[in-house]
Amino acid sequence: MTQYLTDYFVILQGWLFDTLVQPVLFALGLASYVEMGFDGIEFVLQGGIELAIAYVLMRPLEALWPAERWTQRRAVRVDVLYTLLNRLGMVPLTVFTLLAPLFMELESWLRFNDIIPRQLEDWLPGLDNHPLASFLIYLVILDFAEYWRHRLSHTCGWWWALHGIHHSQRQMSFWTDSRNHLADDLIAGLWFACLSLLIGVPPGHFIGLLIALRLVENLSHTNTRLAFGPIGDYLIVGPRYHRWHHALELPADRHCRYGCNFAILFPVWDILFGTLYLKESLPPTGIHEGSPEEIAARDSFWAQQKLGLILLWKALTSRNRQSPSA
Ligand SMILES: [Zn+2]
Ligand SMILES: [Zn+2]
């Protein structure tokens, strides 16, 4: 089944390349970019498929069973723009273009020094014939790393200056998943790709792992009352769980000082490291903006990008580091 889907994917990628991308690149005199163009189609197709799945599954949940009912959806528009830029290739392509030379350098340095990143199968030879088991183990390792990336983006003042953009949405929906400052996207891409390279994620698993993480992330931002039950809510991150991560108000106790519920896929990390906070209710989301600039940036893509850089600069140059709120 997956083989059939992969075959269709490759055929479609080839067709788009032959009929659209290659002729346009040649016409513009950009023949040296054909290889990058071929890879770019893969990003766009993959993002388009993910977006279609997310829309078909999650939009009905928001329409029929919302956590909050809104009289107007103006604030959602900017998140739709973030999602289109992200899923339809612009952000991943930029990240890829910036990171690719770096990774080529890193790979050749590793090869030159006879360092070959060991794959999971080298440690556990029994996994050779169990691709599903190896996929799940990679998923757990990457999710663990994502927990710490996310937690650090709340505890480091300079990183929170960027990540706060993601939290500033008061009308959180499945589109909010992609609402990230571009510099935050770049750091997250670097984090994920570096780790994948070091632990030897096979290319065949890479796309599947990314899709699994992104779909759960979309679902966890969905404006819905959907819950996984008294046990399920502690097994996988769902909309109520992540809504508490985005809560406008959190208890003032020590373990929620920088936020709570940092897990992306599996709540077990919050349970183990003491950052879990879950209640039956569904809290309002957002942050308390501190300045007129922050309020003005609520619905504007460019204002948010600019604000993120200004706050980043202030955080890096200020001696009195501010504690980020959730
Ligand atoms: Zn966060
Ligand atoms: Zn979020």
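Here is what the cut-offs are and how they apply
Residues numbered from 1 in each chain as written. Chains lettered and ligands numbered in written order. Predicted model: local features only at pLDDT ≥ 70, side-chain atom pairs only at ≥ 80, totals over all residues. Heavy atoms only, no water. UniProt positions renumbered as here; feature names shortened; annotations may be inferred. Helix = DSSP H or I, 4+ residues; strand = E, 2+ residues; numbered from the N terminus. Polar contact = N/O pair within 3.5 Å; in protein donor to acceptor, adjacent residues only side chain to side chain. Contact = heavy atoms within 4.5 Å. Donors = N, O, S within 2.8 Å, 3.2 Å for Na, K, Ca; no water. Tetrahedral: all angles 85-135°; square planar, octahedral: opposite > 155°, others 65-115°. Buried < 20%, exposed > 50% of the residue type's maximum accessible area, 1.4 Å probe, protein only. Core = buried A, V, L, I, M, F, W, Y, C linked by side-chain atoms within 4.5 Å.

Draft legend 1. Spotlight on the UniProt feature "transmembrane region" (unreviewed entry) in the protein. On the UniProt side, "transmembrane region" (unreviewed entry) is annotated at positions that read residues 12-34, 40-58, 79-104 and 190-216 here. Across residues 12-34 one finds 74% helix and 0% strand; the C-alpha atoms that close the span lie 16 Å apart.

Draft legend 2. Local environment of the side chain of Asp184. Examined against the element boundaries, Asp184 turns out to sit in helix α8 (residues 182-198). Within the structure, the side chain of Asp184 is placed 2.9 Å from the side chain of Trp159, a separation counted as a polar contact. At 3.5 Å, the side chain of Asp184 forms a polar contact with the side chain of His163. When residues no more than four places from it in sequence are discounted, the contact partners of Asp184 are Trp159, Leu162 and His163.

Draft legend 3. Expanded view of the coordination of the zinc ion (ligand 2). Donor atoms from the polypeptide that coordinate the zinc ion (ligand 2) comprise His166 (NE2), His221 (NE2), His242 (NE2) and His246 (NE2), at 2.1 Å from the metal. Taken together, the four donor atoms surrounding the zinc ion (ligand 2) define angles of 89 to 169° at the centre, an arrangement classified as irregular. Sequence positions of the donors to the zinc ion (ligand 2) reduce to the motif H-x54-H-x20-H-x3-H. The metal-metal distance between the zinc ion (ligand 2) and the zinc ion (ligand 1) is 5.3 Å. One end of the pair, His166, is in helix α7 (residues 157-167); the other, His246, is in the loop between α11 (239-245) and α12 (268-272), with 80 residues separating them in the sequence. For the pair shown, His166 and His246 are each scored as buried.

Draft legend 4. The arrangement of the nonpolar core in detail. Counting 15 residues, the largest nonpolar core has Tyr138, Leu142, Val201 and Leu209 as the members making the most contacts within it. Where this core is concerned, the elements lending two or more residues are α6 (131-155) and α9 (203-221). Contact partners of Val201, with chain neighbours within four places excluded, come to Tyr138, Leu142, Ser196, Phe206 and Leu209.

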